[in-house]
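Notes for the structure review
So you can see what is in the structure, the chains are spelled out below.
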Amino acid sequence: MSSETRITKKTYETLGEELIRIDHKSGLTALVVPKRGFSKMYAVFAANYGSVDREFKSDATDGFVVVPDGIAHFLEHKLFEGKDGNAFEKYAVTGASANAYTSFDKTAYLFSCTDRFKENLEILLDFVQSPYFTDENVKKEQGIIGQEIRMYDDHPDFRVLNNLLNLLYHEHPVRVDIAGTVESISHITPEILNTCYDTFYNLSNMVLCIAGDVDIDEVVSAMDEKIIKKPSSHIERKAINEPDTVAGTMTSQPLEVAIPKFMLGFKDICGEFTGRAAQKNDYLTEILMEMTAGEDSDLYGDLFGRGLINKNFGFEYYRERNFALSIFEGESEDPAAVRDAIFEKLALLREDFDEEAFNIAKKNVYSRMIFQFNSTDNIANSLISCYFNDIDMFEGIEMIKAISKEDAKARLLSHFKEELAALSVICPANDK
Amino acid sequence: MDYKRIELKNGAGLNIISTGKFKTGFLSLNFIRPLSRGENAKNALLVQVLRRGCEGLETQQKINAELSKNYGMRLEPIVRKRGECQVFGFYCTMINNSFAFEGENIFKNAVTIMEKLMFEPLIADGAFLEEYVESEKRNLKNYIAAQINDKISYSIKRASEEMCACEPYALSAYGEAEDVDGITPRELYEHYRLIIKEAKTEAFYVGSEDEDTLKAAFVHLRALSKRPADTLPKPVVTGDVKEVRRVTEELKVAQGKLAIGCRTGITEGDALYPALVLANALFGGTPVSKLFMNVREKLSLCYYVKSITDKLKGVMIIAAGIENENLDVTLKEIEAQLSALKRGEITEDELTAARAALRTSINSTLDSGAQTEDYYLTKTINGDTSSPLDLLLRLDAVTTDEIIAAANTIKYDTIYFLKGTEGGADDEQ
């Protein structure tokens, strides 16, 4: 760890963007993308810690510990509360809009504002570094999060994804809902919260990402004033022994929906979930999905014409720190027929890889990258995952341009295999 | 960011919001009609059918291929309800020409494809193609049925329908399934001709292309016949409630959804409007509002609780997701908080917070192309061209007495509860 703060600047000409990196003397890194002309300034302070981190050891623990499911998310709720009131109240004074979210692999605290940036940043840095857990405030949160979990229980979009993950994975903690269950969160205590906090909320395991028309000197001086230097903690996460097979191929859950909802997932067993290789896989996979089922594809035209899909059909490659999957999703009266048609189309692509379709798909993926740079929210949030997972999002548009047909073919053969696929369906409750 | 509405010779509006800050452009072409039962389904269906094929691009796949070649531009039907008007047409988002690999004019192509879809439809024998109409009728009915999937928006929609049962406001922008059934390809085409001839027409562009380029690109829009004088009716606005109704429906869900429909009678043009905006922020518009701090934080009754207003209609909805058995205690607490607001129990901190939150939210509007378009579109319905920043100035001048006066216009009309019955007898897989 250097004792001086270092600031480096990189310009990306084609994209018309600039990235400023602050390696703060405390050990915390901040990434800033100045967006001139935007009113909104957006900052996220994040920890490389999510719901999948349920078994670990660190300087704060006595050997490996297993913590209750949903605790990363619970901790996220609780950090808003401090000894001297909650962070929302402080933001109430400045007018910033504050929020937080927990994913499978990270926890992020954020605000957006149109003025008083430095003050808002100081509040953010302060409250994330001031845990305050009491029996009473833990109990109160169990009631609120209990209602949040109950809300997700009714939500077809959450259920269809969670069921899919349970089909694709045998052991991986991604099988468990991010928020945990009403039962699992009932075991959470201030002590366990402290253990998790001390382990993962360590500057070397965190990053600060900012996008907007901000003053870099203000960022540095807020960090100088507010960052509390602590010895860095060594974190060891228990290795996950996930087999290279799927746990199941099909499931159906009845819920109050009008038309069945489905997700067809392909488990990614390539093992490359961080770094340049993973980034390249992102683009390759998106290009392939675009070629398979993009709106201009024969498959889409055929399924739509037969009434088997509607405008809600879509796809996405979903990658986090230690897992990834490709998802085709939509609404259909016959999800199995959609799955079979996608399988057929993939088989066809393996036989005959259409070069023109490949080039057009590339343009589509390229354009989606450009759209990402339109909003301060998107930029700052993308920066977090990129930092934790060692990816340079600004290189993206050049990487996409350089992708070859051969790369895509190889990825098609290794990733889109029928034996790695599973279909999750939410069907109408009154369907017997 | 400059806003300008150019009225074409035929009365159609070309609205330009010039800005260089985005890497993309947002374009839309809209017809605006009074919401009415039966016609709403036709209008919603119409744009879906138009999106299926046009002269030269006869199938959806050909259209999509064209969009894909243009760097995957999105060009889709958009159907909106604004007050008691229905707005329907297409929107398109595209990357700026400067990002094209080979100097393609993506912007011009976007306008051309949009106009082709809107004004050069496929016609056979004085009717739209039956295949497309029937297929889109099915899709639209499915879409209408699927509105139940999101229980929060569904409960809010049901509360508005019950409250405004005899007003156009109760109508959906997508129509009713039973009205969709009877629409024939010929009838829909005749309706299309009426729309092309008479409906108020407004195009929008948010981006970096200039006025002349935009005007030149819209060939068909300029060639439309003279539009009749604006005949959009003003919405029914009332602040009176004779008696509070209670409506309960059951659904097999885990969490109950409460949505209280209220009348305020205050719309955007009213002197008290800025005070109502503040009253709403104080009551349930922010994470430090009275509802959030008490119903959620103090009593832990819910995860979400909020109040929202409709500035064109003069109504408010209070919404929360709760356990069934907590209905009475939640209602009691919401009423207690509303009474406190009406009595003027507003601290200096609460007021500062409400003002500051509104400032951030209003200042942020123009950072998104889609939000900017939506803001000014709503304005064209009112015939008002004030910017978000004008509202900020009006807010600054609001006094506490005015906030109390505005709060006292909030009257319960309909208490809607979507009761969860999960765990019923036929719950097994």
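Residues numbered from 1 in each chain as written. Chains lettered and ligands numbered in written order. Predicted model: local features only at pLDDT ≥ 70, side-chain atom pairs only at ≥ 80, totals over all residues. Heavy atoms only, no water.

1. Observations concerning the overall build of chain B
Each helix and strand in chain B was counted, giving 16 helices and 13 strands. A principal-axis box enclosing the C-alpha atoms of chain B has dimensions of 60 × 55 × 45 Å. Going through the 429 residues of chain B one by one, you find that 60% of them count as buried. By sequence separation, contacts in chain B at least 24 residues apart represent 80% of the contacts at least 6 residues apart. Carbon and sulfur atoms make up 49% of the accessible area of chain B, which totals about 16,700 Å². (Helix = DSSP H or I, 4+ residues; strand = E, 2+ residues; numbered from the N terminus. Buried < 20%, exposed > 50% of the residue type's maximum accessible area, 1.4 Å probe, protein only. Contact = heavy atoms within 4.5 Å. Areas by Shrake-Rupley, 256 points an atom, 1.4 Å probe, with all protein chains shown as cover.)

2. Focus on the domain arrangement of chain B
All names here are of chain B. On domain assignment, one finds that chain B holds domain 1 (2-223) and domain 2 (245-420). Between domain 1 and domain 2, the residue contacts involve 34 residues of the former and 38 residues of the latter. Summed over both partners, the interface of domain 1 with domain 2 comes to about 3,000 Å²; 70% of that surface belongs to carbon and sulfur atoms. Looking at the side of domain 1 facing domain 2, the largest losses of area belong to Tyr 3, Arg 82 and Met 163, adding up to 21% of the total buried there. Between domain 1 and domain 2 we count 9 salt bridges in total. For Lys 313, the salt bridge identified is with Glu 84, shortest N-O distance 2.7 Å. Along the contact surface separating domain 1 from domain 2 lie 13 residue pairs in polar contact (both at pLDDT 80 or more). Within the side of domain 1 that touches domain 2, the residues separate by chemical class into 17 nonpolar, 6 polar and 11 charged. (Domains from an automatic or database assignment. Buried area = accessible area lost by both parts, 1.4 Å probe. Salt bridge = Lys/Arg side-chain N within 4 Å of Asp/Glu carboxyl O. Polar contact = N/O pair within 3.5 Å; in protein donor to acceptor, adjacent residues only side chain to side chain. Nonpolar A, V, L, I, M, F, W, Y, C, P; charged D, E, K, R; others polar.)

3. Looking at empty space enclosed by the protein
If you walk through the whole model with that rule in mind, you get 6 cavities of 30 Å³ or more. Approximately 60 Å³ is the volume found for the second largest cavity. Around the second largest cavity, the lining residues are Met151(A), Asp154(A), His155(A), Pro156(A), Asn149(B), Asp150(B), Lys151(B), Ile152(B) and Lys257(B). For the lining of the second largest cavity, the class distribution of residues is 3 nonpolar, 2 polar and 4 charged. (1 Å grid on protein atoms, 1.4 Å probe; cavity = no way out; pocket = protein on both sides within 12 Å on 5 of 7 lines; lining within 4 Å. Points joined across faces, edges and corners; volume = space filled by probe spheres on them.)

4. What to know about the domain arrangement of chain A
All names here are of chain A. Each assigned domain of chain A is listed with its residue range as follows: domain 1 (6-237) and domain 2 (250-428). The C-alpha centroid of domain 2 is placed 28 Å from the C-alpha centroid of domain 1. Taken together, the contact pairs 53 residues of domain 1 with 44 residues of domain 2. Of the roughly 4,000 Å² buried between domain 1 and domain 2, counting both surfaces, carbon and sulfur atoms make up 68%. Of all residues in domain 1, Leu 15, Val 160 and Leu 168 bury the most surface against domain 2, accounting for 15% of the area lost on that side. Our enumeration of links across domain 1 and domain 2 arrives at 4 salt bridges. In this structure, Lys 261 engages Asp 157 in a salt bridge whose closest nitrogen and oxygen atoms are separated by 3.1 Å. Across the domain 1-domain 2 interface, the total number found is 20 residue pairs in polar contact (both at pLDDT 80 or more).

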